[in-house]
Amino acid sequence: MDNEKTAQSVGLIDRVWKFFSSITLAVVVFALISLTSIIGTIIEQGAEPQRNIKLLAKFVGPSAAPKAFQIVDALGFTDMYHSWWFVTMLFVFATNLIVCSLERLPGRLKVARERVKPLTPEQFPKMPIRREVVLKDNPDKVRGAVEAALKKAGFTAEATEGEQGLQLFAERGRYGRLGVYVTHLSILIIMIGAVAGIFFGFNASLNLLEGTASGVAYRPGGKEIPLSFLVRCDDFSVSFYEGSDTPKSYRSVLTVMENGKDVLTKEIEVNEPLKYKGITFYQSSYGFSPTKDSLFRFSITSAAGSKSDVQLKFGESFAIPGTSVMGKIADFSPALGMDDQGRLFTYADMMQNPAVFVEFSEGGAARKSQWILTRIPETWKTPYGTIEFKDLWGAQYTGLQVRKDPGVWLVYLGCLIMAIGLYAAFFMGHSRVWVLLRGEKNTTKVTVAAAASKGRAALEEKIEKVMKSLGQ
Amino acid sequence: MDSSQFFGIASIAYILAMITYIAYLAFRKPTIGIVASALTVTGFAAHTAAFFIRWKEFYEIGKMGILRAIPLTNLYESLIFFVWCLILGYLVIEWKYKNRSFGAFVTPVAGMALAFIDISGMDKNIHPLIPALQSNWLLAHVTMSFISYATFAISFSTALMYLAVTSEERKSGGYIFWTVTLGLFVSILVAMGVDYLTFKVVGHSTGSLVKSHLFKATFRSSSVFVALLSYVGMAGLCFLVWRYGYLMSRLITSFALSKETLDELTYKSIAIGFPVFTLGGLIFGAIWADQAWGKYWTWDPKETWSLITWFVYAFYLHARFLRGWRGTKIAIVAVVGFFSTIFTYLGVNLLLSGLHSYGGM
C-alpha cells in the first residue's frame, strides 16, 4: 500500500515537473501573454469606463457596448496587467523558465567546466577549420613562434608531448556557453525584484501647493500612506522656451522636515528626483489653484535707483519707494493673450503667461494703470520705475510621484546580469585551437585545427593571421 | 548648407542607386555594380552629414548638452535615422558577402522612405525637448532601439526572400504565406501613401491628427464603395503577387543568393538585433523610466508591444537552437517578428495612446 502511494506521489511530482519543463508550455504561455497583452494595449487600462465604452462601440456597436464593457470589465481586461490570471501566467512563465533551465543546466555546466584536451590523430581531420604549413626549422624553435602567434590571437597555449609529436592547445570563452543560463537567471532576478517592489513598496502621488507640507502620500485609489517625515514645497516654477508655451523645465524646491526641523532641501525636476529614507519624490506634473492668500511678489526699482521687494495679496496696495505713488492689484490672469481684434483674454488655466493689472494712484488721484507680465520685461517699465512681477506664490502646486521600492536594486542587478548574459550568449563563442608540430629532418610540419561554438568566420580569420605570421 | 539640402542629396543618390542596381541586375556588368555602390556610399555620406548637421542645429536651438540634442525626437527624425541604419546594414552586408544584388531591394526602400517623408508633409521643424526627454538616456535608448529595428527589417526581407526562393509550389503554405504577406505589406504602404496625398490635397493643417486620419481615404472611408473597393484592391494585389510570385523567386535565385546565405543573414541580423533591442530598448528604457517617472515598467502600450516583439524573437532563437527549426517555419517566425516590430515602432504611436506619444506626427 505504502509503496504504491509513494510511487503515485513520485509519479505526480514527475508529471508536474514534466509539465513545467515542456517547451510546449513555454510556447503556449508566450502566446497567451502576448495575445492578452495586445488586448490590454487596445483597451485603455485604468481609464474612465466611458472611454472604453466608446472604444467598444466601434467594434460591437453603440447599443451592445455597455454590455460588452461589463463583460470585459468582469474579466479584468480594464486593469489587465494586475488581474489574477495575468499574474498567474507570469508565474507559470517563471516556473517554466526555472524548470527548463535546471533540466539543461547540468549538461551544459559539464561542457563548460571541461577544459580543452589534446586531440587524437583521428580527431584532427574532423575539425571544421584546418590549416597546414611546413617551416624550415626544428620543432623547438617553431614552438616559440607558434606560441607567440597564438598569444597575439588571444590564446594562451598548453603543450603536451605525444606519439604524433608536440601538441599545443588552447581555448577561449569557455564560459560563453553559459550565457543563455545567465540571461534566464537575470529574468528571474528582475521578476523577484518586481515582486519585492509590489509587496514591500508603494507607488503613490502627492500634490503640494507652494508653502504647504504633507506627511502622507496617496495611492491611486486614494488610500493614505504615512511617510514618517514631512515634505514641504517651498517653490514651484516653470520655465518656457523663448516665445512659446512649450515648457523647458519645471522644478520644485522641496524641503524634508523631521521633528519640526528642516533636514534637507533640494530642487528637483523631471529626471532629477529627491531621495530620502528609501522614498523617492519625482517631479511628474503641476497645476494651478490660487487662493485668497496667494502672494504677488514684485521687485521694484524706483526711478532714483533704489531697489525693494514686496509681496501682497490680491486687492492690496503697495507704495513705490521715493514717490507718493501707490499701486493696487486690481486684476490677474494666469495666461494673458490678445485676440485678432486686440482684445485681452485668458487663454489657458495654467500659469503660462502670468499677468497682473496694477492701478496706480497718487494722493487719491488715479494715474495710468497697466498690465505687467512676468515673461515680458518691456511691460515692467512704468513712469514711476521698473516693477517686475516675479511670481504669484502659493498658487501653483507641484505634482509629485512618491515611490518606495526596495526591490528596485534587484531589477537593476538583473538588468546588469542580463547585459552580461546576452553578451556571452551572442558575442562570446567558445573557440578552441590545436597545433601539432612534427619534426622531419630540418623542417617542421605544423598542423592547425580549430573549432568554434559561435563566430566560426571570425575564428577562421584569426587562424589565417596566425598562419601568416608563421609564414614570415 | 542646412540639413534638409543634404537629405535631398541623399534621397536623389539612393534613387539613382536603385536604378543603377536594377540595371546591374539586368546587364550584369561589374562596372555598373561599382557605380551603384558608389552612389549608395555617396548617399550615405550625405545622409550622415545631414544627420550631424541637424544634430548641431538642434543643439543650437535647444541650448542644452550636446548629447541630449540628438535629433531623434519625432517621427520624421526617427524615420530618417531608421533609413540610415538600414543603409549602413546593407553596406556592411554588401562588403562582407561581396554580393550587390541585395541592393536592388534595399535602396528602393531607402529612396521611397525619404521621398515619402518629403511628400507626406510630416512636421520637419525642430522642436525643443519637453522636460521628460531631457536626459542622457535618450541617446542610448533611442539609437539602440532604431539600430535593432533596422536589423529586424533586414531579417524580414531576407526571410521573405528565403521563402520566395524555397517555395515555388503555389499551393504550399510557405508560398502562400510570403506572397500574401508581400501583397498585404505593399497594399498597406500604398494605402498610407494615398492617405498622405489626400491629407495634403484636402489641406488639413499639417501635423494635425494623423491618428484619426489613417486609412480614412481607403479602408476606413466613409463611402462604403471606396472601402469595399480598397479591400477588393488589396485582395487583387495579393492574388497577383501569388499568381506571379514565382517570377520573383527566379529573379532572386538568379542573383546567386543561395537559401543558405539568406537563412544565415536572417539569423545573423536577429542575433545582432535581439541583444541590442534587449539592452537599448527594454533595459535602458526601463532605467530611464525609473529615473524620470519612478516606474521602470508601467505596461504602457509601447512597453507592452516591445515585450511582445521580444517574445517573438526569443521564440525564434529558442525554436532554432532547442528544436532545430530551420527553413520555412523559422523564416515565418522572422517575418512575424518584424510585423510586431513595425507595430511597436509605428502602430503604437499612430493608433494607441500612452507615455510614448511624442513619437507621433
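Considering the overall build of chain B
A tally of helices and strands in chain B yields ten helices and zero strands. Going from N to C terminus, chain B has its helices and strands arranged as α-α-α-α-α-α-α-α-α-α. Each of the 361 residues in chain B was classed as buried or not, and the buried ones make up 55%. Considering only contacts within chain B whose residues lie at least 6 apart along the sequence, 75% involve residues at least 24 apart.

A short note on the domain arrangement of chain A
Interface size is commonly expressed as the accessible surface area that is lost when the partners come together. Annotation of chain A at the domain level lists domain 1 (2–105), domain 2 (115–173 + 429–471), domain 3 (198–291 + 397–416) and domain 4 (295–392). Between the C-alpha centres of domain 1 of chain A and domain 3 of chain A the distance comes to 34 Å.

So, the interface of chain B and chain A
The partner chain A presents 43 residues to the 39 residues of chain B that form the contact. Here chain B meets chain A over a buried area of about 3600 Å², counting both sides, of which 70% is carbon and sulfur. Considering only the side of chain B, the residues that lose the most area to chain A are Tyr296, Trp299 and Phe311 of chain B, jointly responsible for 19% of the buried surface there. In this assembly, chain B and chain A are joined by one salt bridge. One can count seven residue pairs in polar contact (both at pLDDT 80 or more) joining chain B with chain A. By residue number, the principal contributor to the side of chain B that touches chain A is helix α8 (residues 259–293) of chain B, which donates twelve residues.

What about the sheet that holds strand β20 (residues 381–382) of chain A?
Residue and element names in this part refer to chain A. Ordered in space as β12-β11-β21-β20, the four strands form an open sheet in which the pairing is antiparallel. Among the strands making up the open sheet, the edge pair consists of β12 (307–312) and β20. Bridge count between β20 and strand β21 (residues 385–393): two bridges; the pairing is antiparallel. Following the sheet pairing, lysine 381 is matched in β21 by threonine 386.

Here's the deal with the confidence of the model for chain B
All names here are of chain B. Confidence in the prediction of chain B, expressed as mean pLDDT, is 81, and 87% of residues score 70 or more. When the criterion is pLDDT under 50, residues 204–209 qualifies, and its contacts beyond four places in sequence or with other chains add up to seven contacts. Contacts for the low-pLDDT stretch residues 357–361, under 50 throughout, to residues beyond four places or in other chains number 19 contacts. Here the complex is predicted with pTM 0.83, and the ipTM for its interfaces comes to 0.82.

Points about the environment of asparagine 271 of chain A
Looking at the element boundaries, asparagine 271 of chain A is found in the loop between β8 (261–269) and β9 (274–276). Along the chain, asparagine 271 of chain A and tyrosine 282 of chain A lie eleven residues apart, while their C-alpha atoms are 7.7 Å from each other.

Quick word on a positive patch on the surface
Residues Lys152, Arg172, Lys462, Lys465 and Lys468 of chain A make up a contiguous surface patch of positive charge. At three residues, helix α9 (residues 456–471) of chain A tops the list of elements feeding residues into the positive patch.

Side note on the sheet that holds strand β23 (residues 431–440) of chain A
Residue and element names in this part refer to chain A. The strand order β1-β24-β23-β3-β2 describes an open sheet built from five strands, whose pairing is antiparallel. Edge positions in the sheet fall to β1 (129–135) and β2 (158–161), since each of these pairs with one other strand and no more. Pairs of neighbouring strands in the sheet enclose a mean axial angle of 20 degrees, with direction left out of account. Contacting β1, β2, β3 (166–172), β23 and β24 (443–452), helix α6 (residues 139–152) runs over the sheet at an angle of about 160 degrees to β23. Along the sheet, α9 contacts β1, β3, β23 and β24; its crossing angle with β1, the most-contacted strand, is approximately 0 degrees.

Focus: helix α7 (residues 179–200) of chain A
Compared with an ideal rise of 1.5 Å per residue, which puts 22 residues at 32 Å, α7 of chain A spans 31 Å between its outermost C-alpha atoms and is within 8% of the ideal. Among the residues of α7 of chain A, Gly179, Tyr181, Thr183, His184, Ser186, Ile187, Leu188, Ile189, Ile190, Gly193, Ala196 and Gly197 of chain A are the ones counted as buried.

Scoring rules and cut-offs
Residues numbered from 1 in each chain as written. Chains lettered and ligands numbered in written order. Predicted model: local features only at pLDDT ≥ 70, side-chain atom pairs only at ≥ 80, totals over all residues. Heavy atoms only, no water. Helix = DSSP H or I, 4+ residues; strand = E, 2+ residues; numbered from the N terminus. Buried < 20%, exposed > 50% of the residue type's maximum accessible area, 1.4 Å probe, protein only. Contact = heavy atoms within 4.5 Å. Domains from an automatic or database assignment. Buried area = accessible area lost by both parts, 1.4 Å probe. Salt bridge = Lys/Arg side-chain N within 4 Å of Asp/Glu carboxyl O. Polar contact = N/O pair within 3.5 Å; in protein donor to acceptor, adjacent residues only side chain to side chain. Pairing = 2+ DSSP bridges. pLDDT = per-residue confidence, 0-100. Patch = residues over 30% accessible without salt bridge, like charges linked within 9 Å, V, L, I, M, F, W, Y side chains within 5 Å. Areas by Shrake-Rupley, 256 points an atom, 1.4 Å probe, with all protein chains shown as cover. Lys, Arg positive; Asp, Glu negative; His and termini not counted. Charge placed at Lys NZ, Arg CZ, Asp CG, Glu CD. Axes fitted to C-alpha atoms, helices over the stretch in contact; angles between N-to-C directions. Expected span 1.5 Å × (residues − 1).

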